[in-house]
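Okay, here's what each chain looks like letter by letter:
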Amino acid sequence: MNAFKSNYLLAGFLLVMLLSLAVTVFLVYTGERMASRHSPLIDAAMEIKINATLGHLWFEEILSGDSNEDIANVWSYLELADWYASAMLTGGENEEGVYRPLKDPALRTQIESVRTALREFETIARERYANLQGSAPGSKIDQEFDMVFADFMEDADQVETHLHARIRNDLHDFRRTAILMIALSFGISLMTAYILGRLERQRQRHVIAIEQANTEIRQAQAKLNYLAHFDGLTELPNRTLFLDRLEQALAHAKRKTVFVVLLVIDLDKFKSVNDRLGHGAGDQVLRLAAQRLRKSVRSDDSVARLGGDEFTVILSDIDDQENAMAAATAVSKTILKELSTPFGFNGNTAFLSASIGIAIHPQDGLEADELLLNADHAMFEAKATGKGIFRFHSKEINERVKRQLRIENDLRTAIEQDQLCIHYQPQWDMANGKLAGMEALVRWRHPKEGLLQPGAFIPIAETSGLIDKIDIWVLEAACRQYRRWRDEGLKPGKLAVNISAMLFRRKDLVRIISANIAEYLIAEGELELELTESALLEDSAHTRELLEQLRRLGIQLAIDDFGTGYSSMAYLRSFPAKTLKIDQSFIKDIHIDKTADAILRSMVELAKSMHMDVVAEGIETAQQETFVRAVGCQYAQGYLLGRPIPADELRTLMISQADENVRLLPPNGS
Ligand code: C2E
Ligand code: MG
Ligand code: MG
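Residues numbered from 1 in each chain as written. Chains lettered and ligands numbered in written order. Predicted model: local features only at pLDDT ≥ 70, side-chain atom pairs only at ≥ 80, totals over all residues. Heavy atoms only, no water.

Participant: Please clarify how the environment of W58 should be interpreted in this entry.
Facilitator: Examined against the element boundaries, W58 turns out to sit in helix 1 (residues 2-64). What W58 contacts, discounting residues up to four positions off in sequence, is S67, E69, V74 and Y77. (Helix = DSSP H or I, 4+ residues; strand = E, 2+ residues; numbered from the N terminus. Contact = heavy atoms within 4.5 Å.)

The following block contains the structure:
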């Protein structure tokens, strides 16, 4: 930039200097040329007059006899006068200077006439000198002589005057040219200064623009660098920076033989915050959670966000294993406490908890990848065994998690390989002891593990996003089976199918159900969908709309595992469910916990007041059956009354039911 500045300023300065120099040189040169041209001419004009006058004087003296002067001098004066005249016309040189021929035609004519007059004067002078007696003063020839001389002087004066006029003119022209040139060079200098000023301002603007662009580039680079290493939402280090820090901590630990603790923290039920309150609220919760995590550790411990609702904490430079475990436990407890405190923002409240997995270097992994994987497995275990807890990594956990991952992998192909099947658990009408319907419960004939119960794979299907496909398969298979029974003339009652929150969220749910109803000719009131409270609560507008569409299709709705979720009385009113299925945990506590009895009783009363049917789930003892009947449950389901059984066994049950018209003893199902 400075080079640019000095270059063009210097060029401008040089231009002005050169211009001034050129003008000066031109003026000096022109002035000198004028002087050298005019001065000899003026001199010559003077010389003509002087020499002619001297010749005249000497001649008169000689004639009057007052002088001893030689007449030859007179002739040489006259000759000299003529020499000057001819020098003015044709040029010449003597010791006084160089005479250049005059070009002006008028002046030339005048000089010619001066020469003529001079020649005439000389002719008369010679005549007089030859005839001295006849040329005495006052004689005719003397008078003629004086007249010719006077004519000559007049002509010579005119030449001189003319020459002076020419010099004046030339001087005038010179002055005008000089003024013009000085004005021009002044103008050019002004213009140059103006242009330079503009260029300078432009340059300054460019300099500012370039500096601004540089600043922006620097800021953009800083931002890119920030984005490459930090999470934009929580401002915590991201995965890349976290791995970098973990590797540094491990490298240091290897050199100094110290311990490093890695915590992987995953928020529980975070998805439901997003679903219930929207993604903006989800982001807010993540920001608050990040702040609380930072607060839970020392300033030199490293907190990062791996992505989604997963965070990490590195506690480094711990001198022994016992201290490492103590630090991991203390920090985990603080974090669990912090994250289980309700998150309040913008008038909303979100209740969360977290699951923490812990791995310690060196025993749980020497390298970053291994340590992270093991902490992840421990977190997975914490999630699977209750949530809101922390777990240290162990070999057993690793085995369990690996098995879970294997199951998840196998589950992806279970449907295509026809490994799923359904067991049906009868539901009984308490009033007449007859079969009121059945619940379709999925099973998996795993090629290596044998028959798997839903508990072993449904949670995995839920977290890995496979649950909706399983539900769709179960729905179709159960409806097909139901049609078969109907076609055989059996009376299966109501078919209950479990629907996951994931399938319930799908936009094409109504289309899937109508397709099954149409294909298997399912009549109104024959199909009941079982949904948990949490699935119903996710998006009330969508839920209401969906339930209305299902109602129009003649599909009934049951709220499954009632009492374990939010149990909000308000939503029972807003979502018209036909059936309330009281969770087994309440049945288990009958006669054991007095409050459980009271709660059960009031739940049944509440359902009845809302004209809902009540199903008591998990009846295992006769006392439980008696109690639920006494409090007014219309329907019952449980091992005492019938375990989930394959379709053909249920067929036998239905046939014998029709024959005997009495309730059978429970067969030995799964
Ligand atoms: P659920 O819908 O509450 O089903 C009732 C569960 O209680 C069944 O367990 C059943 O076998 C069990 N049960 C019935 N009577 C008794 C009893 O007297 N004592 C005890 N201890 N348990 C009893 P199952 O078949 O293991 O299913 C567990 C859960 O898996 C189901 O709970 C349901 O939430 C889920 N599930 C089953 N099949 C499906 C399916 O096709 N789709 C979805 N999304 N979930 C399913
Ligand atoms: Mg169910
Ligand atoms: Mg249930």
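So much for the structure itself; the text now carries on.
Participant: In this structure, what is going on with the coordination of the magnesium ion (ligand 3)? I would like to understand it.
Facilitator: Angles at a metal have ideal values that depend on geometry: 109.5 degrees with four tetrahedral donors, 90 or 180 degrees with six octahedral donors. Those donors, D560 (OD), D561 (OD), E617 (OE) and E617 (OE), are the protein atoms that reach the magnesium ion (ligand 3), and they lie 2.0 to 2.5 Å from it. Here the donor residues for the magnesium ion (ligand 3) map to a single chain with the spacing D-D-x55-E. A distance of 4.0 Å spans the gap from the magnesium ion (ligand 3) to the magnesium ion (ligand 2), which D560 bridges by coordinating each metal. Here D560 is found in strand 15 (residues 556-562), whereas its partner E617 is found in strand 17 (residues 613-617), with 57 residues between them in sequence. Both residues of the pair, D560 and E617, belong to the buried class. (Donors = N, O, S within 2.8 Å, 3.2 Å for Na, K, Ca; no water. Buried < 20%, exposed > 50% of the residue type's maximum accessible area, 1.4 Å probe, protein only.)

Participant: Whenever I open this one, the site of ligand 1 confuses me. Can you help?
Facilitator: Taken together, 23 residues surround ligand 1, and among them D471, D560, Q584, E620 and Y639 come closest. At 2.9 Å, a side-chain N or O of R443 approaches an oxygen atom of ligand 1. At 2.8 Å from an oxygen atom of ligand 1 is found a main-chain nitrogen or oxygen belonging to Y639. Contact with the protein chains removes 83% of the 790 Å² of surface that ligand 1 exposes when unbound. Taken together, the elements giving at least two residues each to the shell around ligand 1 come down to strand 11 (435-446), helix 11 (454-463), helix 12 (467-487) and strand 15. Residue contributions to the shell around ligand 1 peak at four residues, all from strand 11. (Near = heavy atom within 4 Å. Polar contact = N/O pair within 3.5 Å; in protein donor to acceptor, adjacent residues only side chain to side chain. Areas by Shrake-Rupley, 256 points an atom, 1.4 Å probe, with all protein chains shown as cover.)

Participant: Sorry, what's going on with unusual backbone geometry here?
Facilitator: Most peptide bonds adopt trans geometry, and most residues besides glycine take a negative phi value. Following H361, the chain continues into P362 via a peptide bond in cis, with omega recorded as 10°. With respect to the helices, strands and loops of the structure, P362 is situated in the loop between strand 8 (353-361) and helix 9 (368-384). Of note, the phi angle at E235 is positive, near 65°, even though the residue is not glycine. Tracing the sequence through the fold places E235 in the loop between helix 4 (140-229) and helix 5 (239-256). Even without a glycine there, the phi angle at H611 is positive, about 60°. By relative accessible area, which is 72% here, H611 ends up exposed.

Participant: Sorry, what's going on with the packing of aromatic side chains here?
Facilitator: Geometrically, a pair of aromatic rings is defined through the distance of the ring centres and the angle of the planes. Going through the model one piece at a time under the given rule, you end up with 12 aromatic pairs. With a centroid separation of 6.2 Å and an interplanar angle of 45°, the aromatic rings of F59 and W75 are classed as tilted. Note that F59 is positioned in helix 1 and W75 in helix 2 (residues 71-90), a separation of 16 residues in sequence. Under the relative-accessibility criterion, W75 is labelled buried at 13%. Ring geometry for Y424 and W485: centres 5.1 Å apart, planes at 70°, overall edge-to-face. Of this pair, Y424 sits in strand 10 (residues 420-429) while W485 sits in helix 12, and the two are 61 residues apart along the sequence. Since its relative accessible area comes to 2%, Y424 is described here as buried. (Phe/Tyr/Trp six-rings, centres within 6.5 Å; stacked < 30°, edge-to-face > 60°.)

Participant: Sorry, what's going on with the layout of surface pockets here?
Facilitator: Reported here for the second largest pocket is a volume of approximately 400 Å³. In terms of lining residues, the second largest pocket is bounded by 19 residues, among which K434, L435, A436, K491 and Q657 are the most central. Top element by residues in the lining of the second largest pocket is helix 21 (residues 647-660). It accounts for three residues. Split into classes, the residues belonging to the lining of the second largest pocket amount to seven nonpolar, six polar and six charged. (1 Å grid on protein atoms, 1.4 Å probe; cavity = no way out; pocket = protein on both sides within 12 Å on 5 of 7 lines; lining within 4 Å. Points joined across faces, edges and corners; volume = space filled by probe spheres on them. Nonpolar A, V, L, I, M, F, W, Y, C, P; charged D, E, K, R; others polar.)

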